[in-house]
Amino acid sequence: MNPSPWSFDGNKNFVPILHEGTVVGFLRPDYAEKIAQVLNAQDRLQADRERLRKCLQLACFDLLRQGGGDTNKVEELMKQYAIRVERPKHGSRAIAFLLRDRQEELQVSDQEFLKFCDTLKVSPQQIKDIFAGKPIDESAIGPLARILGKNPTEVKTVLRGPSEASA
């Protein structure tokens, strides 16, 4: 097992904090342990991010190669995937994410959530259409606001974006 790159020697009033064996500063022991833990966690997260990026790069390369595409466009394909997984800030897909969040907050099943929405005047078909990314009818804003526990202006802002919500 590799030792953690950040460590401390807890036997002194002020202890050295080390990075890969090199002293980088001195701290009180009660702070040194916590700081070393946080910095080691950040290093692990960074290593995980780099590993995931390499995995995505390999997967995109394989997809392009198998599909007969230009393997020089790996970065472009990676960017397209990154955009697709990013949580939308506006539009019906953003409302869909808020609905999913609300369902989790209520801790109910899909069927129970659809019934809940239906009682507040948003039909199961309307919910399915929202999740499919279809446009949301103006008449659904009030009921969606009640479902989401927000006011109609907030829902309009999410749906249309901040510059168009007041229109």
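Residues numbered from 1 in each chain as written. Predicted model: local features only at pLDDT ≥ 70, side-chain atom pairs only at ≥ 80, totals over all residues. Heavy atoms only, no water.

Here we come to the packing of aromatic side chains. Each aromatic ring pair is described using two quantities: the centre-to-centre distance and the angle formed by the ring planes. Counted by the stated rule, this structure contains one aromatic pair. Both rings, one in Phe113 and one in Phe116, keep their centres 6.1 Å apart while their planes meet at 35°; by these two values the pair is tilted. Here Phe113 pairs with Phe116, and both are found in helix 4 (residues 110–119), just three residues apart, close to one helical turn. (Phe/Tyr/Trp six-rings, centres within 6.5 Å; stacked < 30°, edge-to-face > 60°. Helix = DSSP H or I, 4+ residues; strand = E, 2+ residues; numbered from the N terminus.)

What follows deals with the pairing of strand 3 (residues 22–27). Bridge count between strand 2 (residues 15–19) and strand 3: five bridges; the pairing is antiparallel. Paired with Leu18 across the bridge in strand 3 is Val23. Between the antiparallel neighbours strand 2 and strand 3 lie two residues, among them Glu20 with a positive phi of about 50°. (Pairing = 2+ DSSP bridges.)

With phi around 50°, Glu20 is a residue other than glycine that occupies positive phi space. One can find Glu20 in the loop between strand 2 and strand 3. The exposure class of Glu20 is exposed, given its relative accessible area of 60%. One non-glycine residue with positive phi stands out, namely Lys121, at about 75°. Secondary-structure assignment places Lys121 in the loop between helix 4 and helix 5 (124–131). Of the residues examined, Lys121 reaches a relative accessible area of 63% and is grouped as exposed. (Buried < 20%, exposed > 50% of the residue type's maximum accessible area, 1.4 Å probe, protein only.)

What follows is about a nonpolar patch on the surface. Together, Phe14, Val23 and Phe26 make up a nonpolar patch on the protein surface, roughly 330 Å² of accessible area in all. Among the structural elements, Phe26 can be located in strand 3. (Patch = residues over 30% accessible without salt bridge, like charges linked within 9 Å, V, L, I, M, F, W, Y side chains within 5 Å. Areas by Shrake-Rupley, 256 points an atom, 1.4 Å probe, with all protein chains shown as cover. Salt bridge = Lys/Arg side-chain N within 4 Å of Asp/Glu carboxyl O.)

With that settled, consider the packing of helix 3 (residues 92–106) against helix 5. Where helix 3 meets helix 5, the closest approach of the two axes is 8 Å, and the angle between their N-to-C directions is 120°. Considering their axes alone, helix 3 and helix 5 lie oblique with respect to each other. Judged by residue contacts, Ser92, Ile95, Ala96, Leu99 and Arg100 of helix 3 engage Ile127, Ile130 and Phe131 from helix 5. Among the residues forming the contact of helix 3 with helix 5, the class breakdown is six nonpolar, one polar and one charged. (Axes fitted to C-alpha atoms, helices over the stretch in contact; angles between N-to-C directions. Parallel < 35°, antiparallel > 145°, perpendicular 65-115°, else oblique. Contact = heavy atoms within 4.5 Å. Nonpolar A, V, L, I, M, F, W, Y, C, P; charged D, E, K, R; others polar.)

What follows deals with helix 6 (residues 141–148). Most of helix 6 sits inside the fold, with six of its eight residues counted as buried. Burial in helix 6 covers these residues: Ile141, Pro143, Leu144, Ala145, Ile147 and Leu148. Looking one or two residues beyond helix 6, the residue adopting positive phi is Gly149, at roughly 70°.

For the rest of this paragraph, the subject is the nonpolar core. Residues Ile95, Leu99, Ile130, Ile136, Leu144 and Val155 are the most contacted members of the largest nonpolar core, which totals 21 residues. For this core, the secondary structure elements donating two or more residues are helix 3, helix 4, helix 5, helix 6 and helix 7 (152–160). Those residues within four positions of Ile136 in sequence are excluded, and the remaining contacts are Ser92, Ile95, Ile130, Leu144 and Leu159. If you look at the next biggest cluster of nonpolar residues, it comprises five residues, including Cys60, Leu64, Val74 and Met78. (Core = buried A, V, L, I, M, F, W, Y, C linked by side-chain atoms within 4.5 Å.)

Here we come to the pattern of salt bridges. A side chain of one charge can pair with a side chain of the opposite charge when the charged atoms of the two come close. Inspection of every chain in the model, using the stated rule, returns 10 salt bridges. Across the pair Glu75 and Arg53 runs a salt bridge whose closest N-O atoms are separated by 3.1 Å. Taken together, the residues span a long stretch of sequence, with Glu75 in helix 2 (residues 74–85) and Arg53 in helix 1 (residues 29–66) at a distance of 22 residues. For Asp110, the salt bridge goes to Arg100, with nearest N and O atoms at 3.3 Å. Remark: Arg100 occurs in helix 3 and Asp110 occurs in helix 4; sequence separation between them is 10 residues. Looking at Asp110, the relative accessible area reads 47%, which means it is partly exposed. A single salt-bridge network, built from bridges that share partners, covers Glu138, Lys156 and Arg160.

Nothing here speaks to function; it is all geometry.
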